[in-house]
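# Chains, contacts and geometry: an overview
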Amino acid sequence: MTTVDAAPGAYTFDPATTALVIIDMQRDFCEPEGFGETLGNDVSLLRSVIPPLQEVLATARATGMTVIHTREGHVPDLSDCPPAKLNRGEPSLRIGDPGPKGRILIRGEYGHDIIDELKPEPGELVIDKPGKGSFHGTTFGAELEARGITSLVVAGVTTEVCVHTTVREANDRGYECLVLSDCTGSYFPEFHRVALEMVAAQGGIFGWVADSTALLSALTAQEAVA
Ligand code: TIU
């Protein structure tokens with residue numbers, strides 16, 4: 001077992017039954033002219049996540065941890081996008097509209113795919129999800145069960161939306177979740193801070209929070225022993 005110095009206390013996990021889950025590091029959220037920007041956000045705020053997450057991803061791969069990527073998006077005919085999502089707010093372009101990076105948040109389009117810096121390797125699972133959470137409308141839960149995964153190290157964007165929804169869904173299903181504070185990001189720095197506090201408050205009501213340095217030193221110490 002490996003132990004990470006985390007809030008609200010030590011997070012103990014077995015790397016063999018733990019998945020690194022990278023949420024929605026897609027061009028549509030992290031680059032200009034995608035879904036995030038059409039919602040009125042400054043997407044450059046998410047880019048600080050990339051360097052530490054690249055390091056965590058490299059270490060997870062080197063130590064043989066399961067790596068899972070998710071992508072938020074919809075089928076081309078939008079049959080999996082309810083009006084409650086499609087008609088929300090006043091975006092300059094709606095989901096499915098043609099944008100500079102292809103149709104906004106549509107599977108198969110350039111903008112929908114994961115950024116080059118965090119490109120999945122062959123053999124890594126990529127879960128396409130129609131919602132904010134990773135379990136709703138996907139095979140994510142079944143894939144975790146098939147692999148014997150019991151703990152999730154969660155990174156990606158945005159902290160208070162898709163990361164939070166996934167962690168809440170996972171916690172209800174019995175998974176122990178560690179959220180990486182510097183590998184998650186939001187268009188709203190205040191929401192990021194408070195979202196992380198919400199995970200670890202009340203004795204860890206949804207899970208644990210640590211930065212990537214704490215995770216990496218725990219994984220490195222474990223490698224030295226092995
Ligand atoms: N992936 C994810 O968080 N989807 C969003 O729509 N996030 C926003 O913050 N808008």
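Preceding this paragraph is the structure being described.
Remember, predicted model here, so these are calculated numbers, not experimental data.

## Some points on the packing of aromatic side chains
Taken as a whole and assessed by the stated rule, the structure comprises 6 aromatic pairs. Considering the side-chain rings of Phe188 and Phe191, the 4.7 Å spacing of their centres and the 35 degrees angle between planes classify their relative orientation as tilted. Accessibility expressed as a relative area gives 43% for Phe191, which makes it partly exposed. Following the ring pairs from residue to residue traces out a cluster consisting of Tyr11, Phe13 and Trp208. If you follow Arg27 out to its NZ or CZ, it ends over the ring of Tyr110, 3.7 Å from the centre.

## Some details on the side chain of His74
Within the element layout of this structure, His74 appears in the loop between β4 (66-72) and α4 (83-86). A polar side-chain atom of His74 sits 3.4 Å from the main-chain carbonyl oxygen of Pro130. If sequence neighbours within four positions are ignored, His74 has contacts with Asp80, Cys81, Lys85, Ile95, Leu105, Ile106, Arg107 and Pro130.

## Topic: helix α7 (residues 189-204)
For α7, which comprises 16 residues, the first-to-last C-alpha distance of 21 Å matches the rise-based estimate of 22 Å (1.5 Å per residue) to within 8%. A maximum bend of about 30 degrees is found in α7 at Glu197. Listed as buried for α7 are His192, Ala195, Leu196, Val199 and Ala200. Structurally, α7 contributes buried residues whose contacts are with α6 (159-172), β9 (176-185) and β10 (208-210).

## Looking at the pairing of β4
Here β4 lies mainly inside the structure; 6 of its 7 residues are buried. For β4 and strand β7 (residues 125-129), the ladder comprises 5 bridges, and the chain directions are parallel. Along β7, the bridge assignment pairs Glu72 with Lys129.

## Focus: the site of the ligand
Neighbouring residues of the ligand: Asp24, Phe29, Phe35, Leu39, Glu72, Lys132, Val157, Thr158, Val161, Cys162 and Tyr187. At a separation of 2.9 Å, an oxygen atom of the ligand approaches a polar side-chain atom of Lys132. Measuring from a nitrogen atom of the ligand, one finds a backbone N or O atom of Val157 at 3.1 Å. For the ligand, the protein covers 92% of the area, taking 280 Å² as the surface of the free molecule. Split into classes, the residues belonging to the shell around the ligand amount to 7 nonpolar, 1 polar and 3 charged.

## Some words on α6
In a regular helix each residue adds 1.5 Å, so 14 residues correspond to 20 Å; α6 covers 18 Å between its end C-alpha atoms and thus fits that length. Listed in full, the buried residues belonging to α6 are Thr159, Cys162, Val163, His164, Thr166, Val167, Glu169 and Ala170. Buried positions along α6 lie against β3 (18-23), β4, β7, β8 (151-157), β9 and α7.

## Comments concerning the side chain of His69
Within the fold, His69 resides in strand β4. Of the polar contacts made by the side chain of His69, one reaches the side chain of Glu124; its length is 2.7 Å. Other than its neighbours up to four places away in sequence, His69 contacts Ile22, Arg61, Ile114, Leu118, Pro120, Glu124, Leu125, Val126 and Ile127.

## Some words on unusual backbone geometry
Ala7 connects to Pro8 through a cis peptide bond whose omega is 5 degrees. Tracing the chain through its elements places Pro8 in the loop between β1 (2-4) and β2 (11-13). In this structure, Thr158 follows Val157 across a cis peptide bond, with omega equal to -15 degrees. With respect to the helices, strands and loops of the structure, Thr158 is situated in the loop between β8 and α6. Unlike most non-glycine residues, Glu33 shows phi in positive territory, near 70 degrees. Along the chain, Glu33 turns up in the loop between α1 (27-30) and α2 (35-38). On the basis of relative accessibility, which here comes to 39%, the residue Glu33 falls in the partly exposed class. If you check the backbone angles, Leu105 has positive phi at about 60 degrees while not being a glycine. Along the polypeptide, Leu105 turns up in the loop between β6 (102-103) and β7. In this structure Leu105 comes out as buried when scored by relative accessible area, which is 0%.

What counts and how
Residues numbered from 1 in each chain as written. Predicted model: local features only at pLDDT ≥ 70, side-chain atom pairs only at ≥ 80, totals over all residues. Heavy atoms only, no water. Phe/Tyr/Trp six-rings, centres within 6.5 Å; stacked < 30°, edge-to-face > 60°. Buried < 20%, exposed > 50% of the residue type's maximum accessible area, 1.4 Å probe, protein only. Lys NZ or Arg CZ within 6 Å of the ring centre and 35° of its normal. Helix = DSSP H or I, 4+ residues; strand = E, 2+ residues; numbered from the N terminus. Polar contact = N/O pair within 3.5 Å; in protein donor to acceptor, adjacent residues only side chain to side chain. Contact = heavy atoms within 4.5 Å. Expected span 1.5 Å × (residues − 1). Bend = angle between axes of the 7 residues up to and from the residue. Pairing = 2+ DSSP bridges. Near = heavy atom within 4 Å. Areas by Shrake-Rupley, 256 points an atom, 1.4 Å probe, with all protein chains shown as cover. Nonpolar A, V, L, I, M, F, W, Y, C, P; charged D, E, K, R; others polar.

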